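Residues per chain, in single letters:
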Amino acid sequence: MDLIDAIRAIDKPHEDDVMARLYTVWGEKLDENNVLKEYPRPQFQRDNYTNLNGKWEYSIVPQEGGDKIPSSMDGEILVPFSPESFLSGVERRLEPYQYLWYKKTLPELKRSFAGSKFLLHFGAVDQFADIYIGSAYVGSHSGGYLPFTVDITNYLSFTSDQMSLSQNTLYVRVKDTSDSSYHSRGKQTLKRGGMYYTAQSGIWQTAWIEEVPETYIRSVRIKPDSDLKTVSIEVSTNHPTMITAKIPGHEMVKSPSKTGSSYAEKAGNYVFSSDTYPTIGVDPTAGAPSYYHFKFTLEDAHLWSPEDPYLYPLQIESDSDHVSSYFAMRYYSIEKDASNITRFCLNHKPYFLMGVLDQGYWPDGLYTAPSDEALIYDITEMKRLHFNMMRKHIKIESARWYYHCDRLGMVVWQDMVSGGSSYAKPVVSYLPTLFPKVFGKMSDGPAYYKTFSRSSAEGRKEWLDEMQNTIHYLYNVPSIGTWVLFNEGWGQFNAAGATVMARDLDDSRPIDQASGWFDEGSGDYRSVHNYFRPLVVEEDEAGRAFVISEYGGFSLHIDDHSSVDRVYGYKKYATSDELGVAYYNLINGTLKPLVSKGLAGAVYTQLSDVEEEVNGLLTYDRKITKINPNLDPSMLSNMNKALKS
């Protein structure tokens, strides 16, 4: 073990450090009149779309008296960038004892047909949002990472013929406790430093309005079966109607519709899947939704893989509504190979996962990428560096990021967002890092709730609800190959029970129950983090697949491309040449030989630098790639060829 490096890697808060004003190339050329205008839900798309991104008004007020709409605003903010970010034009932190108010005059829309509804969508608002039209309260949403929809039809002012909108004003009130409470916050902290980063708040994904008919398509659930030729599709509508599902060039087999319960009701009050959202403001007397089931058989199906990311188009139509979607024929599983070694499998064939940790942070936009091109760049650059998997680390990304992974060919391991009260770092982080076989075995049951920062019963229930809703929301994404429930014990509790709950919602994907340590023995992986000891394959008593779900962390500070002069990382290098040689030796000399010994996948830390953590393959501003990808271009293909043979 490299004990010196381990001790140096103990993170400390450095909130007083002055951050350099780093911009990505996309942030530098940002057009404030054309901010993230792409359709935000590629897997559930209508022709009708009004983007609300751009200049809004804002005001930050004290919590006392902050429940009233401000009589005046502080200035303008560029939505959907959080007020803490450079690109927002605000650069102010929302404190836990304050409210952030947004104000936006809605465009004057024309109604397409009588009786239609206007749905207001938010990709994500961090952390608690109250919605008003004029002075009328419409509804609320809690949780900073999942999307939601507000039916604002009954609150809008129309012209006398009811076919045009008069001027309407939208207000959004936001409160964010960040890490001062038990709510999910990922790596956000009010005391930035080390592996915890600047807290952000407010609207941070696209806001938009769409008009839908009185009877409209609510959701779709797509499940490719393990036989690699059958796909089941379930559609729901708010009222009974005629529904048609079409895969161009393929005949459909249709089953009757039914009204009432469905898979989606397992999530409780928030019932949704894929890119369709829970809807606030729906008339509770409207009756139960209707469900329609379809099954297609695709002989000689074109299978999806990172090497051949083929997507099938899907069209869903009702009498008055139409949704365009897509899916992939692929199947993820854990199976034995010819040598009786447990492997991750794609389409029933062993597939080595060459992964990279992706925090989803940007120096100019924080949680929000400055453009669609920026999202694409991260994915394509990782593919160029021979990665075929990205672990989205304790953050839920915008729907377009998953779409690009689907179409470009990148397997995704999706983390749940961590929460809980202040972490007891020596117990849950430092000691297990140094001595995992001794300190990484602690139970996460009721006797240890306090140790794992989960004393609050309300907080535990909230996390379980969010975990379920995350699975519902992202269920249809073809590229997601594994759900990761807990990371390094941060807010972990009852992991075995959570695994059962997650598998009940989705039995089509493997589950990494506890990434790092505090493994409860269930899930599909023995998942370890190893930064300071020689990399080895560990035997698992339960016969699960073995993955090194974090390793590497090689650090290189590059002047003028780093946020601060301070360096945080697990092993430091002075030059790009030194880093390149160390990386090459790690991958080809250490990691590659472990594949034949049973290593099913590995996740290198990390895609880019984030603030003082400079162990990225890219600099924080994405202007420099620190390693030479051509050191061994056949590395990944050779790994998977070895598995197949």
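Coordinates for the structure precede this section.
All values reported here derive from a predicted model rather than from experimental measurement.

## Considerations on the pairing of strand S16 (residues 230–237)
The buried count for S16 comes to seven of eight residues, which makes it a mostly enclosed element. Note: strand S15 (residues 217–224) against S16, seven bridges, orientation antiparallel. Within the sheet, the bridge partner assigned to Ile217 lies in S16 and is Thr237.

## Here we look at the environment of Gln162
Take Gln162: it is sitting in the loop between strand S9 (148–151) and strand S10 (168–175). Sequence spacing of Gln162 and Lys110 is 52 residues, and the spatial spacing of their C-alpha atoms is 9.5 Å.

## As for the packing of helix H3 (residues 372–384) against helix H4 (residues 399–408)
Packing of H3 against H4 brings their axes to within 10 Å, and their N-to-C directions diverge by 40°. By the angle between their directions, the pair H3 and H4 is classed as oblique. By crossing handedness, the relation of H3 to H4 is classed as right-handed. Residues Asp372, Leu375, Ile376, Ile379, Thr380 and Lys383 of H3 form the contact with H4, whose participating residues are Arg400, Trp401, His404, Cys405, Arg407 and Leu408. Within the contact of H3 with H4, the residues separate by chemical class into six nonpolar, two polar and four charged.

## A few points about the sheet that holds strand S22 (residues 322–327)
The strand order across the open sheet formed by three strands is S17-S21-S22, and the pairing between neighbours is antiparallel. With partners counted over all chains shown, the strands left at the sheet margins are strand S17 (244–246) and S22, one partner each. Averaged over all pairs of adjacent strands, the angle between strand axes in this sheet comes to 20°, irrespective of strand direction. Bridge count between S17 and strand S21 (residues 312–317): three bridges; the pairing is antiparallel. Opposite Ala245, over in S21, you have Ile316 as the bridge partner.

## Points about the packing of helix H7 (residues 457–474) against helix H8 (residues 495–505)
Their axes nearest at 10 Å, the elements H7 and H8 cross at an angle of 30°. Taken together, the axis directions place H7 and H8 in an arrangement best described as roughly parallel. Crossing hand, H7 versus H8: right-handed. Contacts between H7 and H8 involve Trp463, Leu464, Met467, Gln468, Ile471 and His472 on the former and, on the latter, Ala498, Met501, Ala502 and Leu505.

## A closer look at the packing of aromatic side chains
Tallied over the entire structure, the rule returns 37 aromatic pairs. Judged by centre distance (4.9 Å) and plane angle (55°), the rings of Trp204 and Tyr367 are tilted. Pair noted here: Trp204 is in the loop between strand S13 (202–203) and strand S14 (207–212) and Tyr367 is in the loop between strand S26 (353–358) and H3, with a separation of 163 residues, a long-range link. Since its relative accessible area comes to 1%, Tyr367 is described here as buried. Its guanidinium or amino end placed over the ring of Tyr99, Arg173 lies 4.3 Å from that ring's centre, counting from NZ or CZ.

## As for unusual backbone geometry
Leaving glycine out, the prevailing phi sign among residues is negative, and the prevailing peptide bond configuration is trans. Pro80 follows Val79 through a cis peptide bond whose omega is 20°. Mapping Pro80 onto the fold places it in the loop between strand S3 (75–79) and strand S4 (98–106). Looking along the chain, the bond that leaves Thr605 and enters Gln606 is cis, with omega of 5°. Along the polypeptide, Gln606 turns up in the loop between strand S35 (599–605) and helix H10 (635–644). Here Leu36, not a glycine, exhibits a phi torsion of approximately 45°, which is positive. With respect to the secondary-structure elements, Leu36 resides in the loop between helix H2 (25–28) and strand S1 (50–51). According to the relative accessible area criterion, Leu36 is buried, its value standing at 15%. For Leu366, which is not a glycine, the phi torsion comes out positive at approximately 55°.

## Looking at the nonpolar core
The biggest cluster of nonpolar side chains holds 76 residues, and the ones touching the most others in it are Met382 and Tyr551. Looking at this core, the element that brings in the most residues is helix H9 (residues 576–595), giving eight residues. One finds Trp56, Ile131, Val150 and Leu165 within the second-largest nonpolar core, a separate group that totals 32 residues.

## A closer look at the pattern of salt bridges
Evaluated as defined, the whole model comprises 30 salt bridges. Here Arg544 ties to Asp519 by a salt bridge, and the two come within 2.5 Å at their closest N and O atoms. Taken together, the residues span a long stretch of sequence, with Arg544 in the loop between strand S31 (525–530) and strand S32 (545–552) and Asp519 in the loop between strand S30 (511–515) and S31 at a distance of 25 residues. Overall, the relative accessible area of 22% leaves Asp519 in the partly exposed class. One salt-bridge network, held together by shared partners, links Arg41, Arg46, Glu210 and Asp321.

## A look at the environment of Ile471
Within the fold, Ile471 resides in helix H7. Taking the C-alpha atoms as reference points, Ile471 and Trp483, twelve residues apart in sequence, are found 8.2 Å from one another. In contact with Ile471, not counting residues within four places along its chain, are Met416, Trp483, Ala502, Leu505 and Asp506.

## Brief notes about the pairing of S35
Where burial is concerned, most of S35 is hidden: seven out of the seven residues are buried. Sheet topology places S26 next to S35; four bridges connect them, and they run parallel. Bridge assignment links Gly355 to a residue of S35, and that residue is Val603. Two elements, S32 and S35, share five bridges in a ladder whose sense is parallel. Residue pairing in the sheet places Tyr551 in a bridge with Tyr604 of S35.

## Let's talk about the sheet that holds strand S7 (residues 128–133)
Strands sit in the order S3-S2-S4-S10-S7-S8 across an open sheet of six strands; the sheet is antiparallel. Pairing within the sheet leaves two strands with one partner each, and these edge strands are S3 and strand S8 (136–142). Each neighbouring strand pair of the sheet contributes to a mean axis angle of 30°, computed without reference to strand direction. By the bridge criterion, seven bridges tie S4 to S10 in an arrangement that is antiparallel. Bridge assignment links Leu106 to a residue of S10, and that residue is Asn168.

Parameters at a glance
Residues numbered from 1 in each chain as written. Predicted model: local features only at pLDDT ≥ 70, side-chain atom pairs only at ≥ 80, totals over all residues. Heavy atoms only, no water. Buried < 20%, exposed > 50% of the residue type's maximum accessible area, 1.4 Å probe, protein only. Helix = DSSP H or I, 4+ residues; strand = E, 2+ residues; numbered from the N terminus. Pairing = 2+ DSSP bridges. Axes fitted to C-alpha atoms, helices over the stretch in contact; angles between N-to-C directions. Parallel < 35°, antiparallel > 145°, perpendicular 65-115°, else oblique. Left-handed = near helix turned anticlockwise from the far one by under 90°. Contact = heavy atoms within 4.5 Å. Nonpolar A, V, L, I, M, F, W, Y, C, P; charged D, E, K, R; others polar. Phe/Tyr/Trp six-rings, centres within 6.5 Å; stacked < 30°, edge-to-face > 60°. Lys NZ or Arg CZ within 6 Å of the ring centre and 35° of its normal. Core = buried A, V, L, I, M, F, W, Y, C linked by side-chain atoms within 4.5 Å. Salt bridge = Lys/Arg side-chain N within 4 Å of Asp/Glu carboxyl O.

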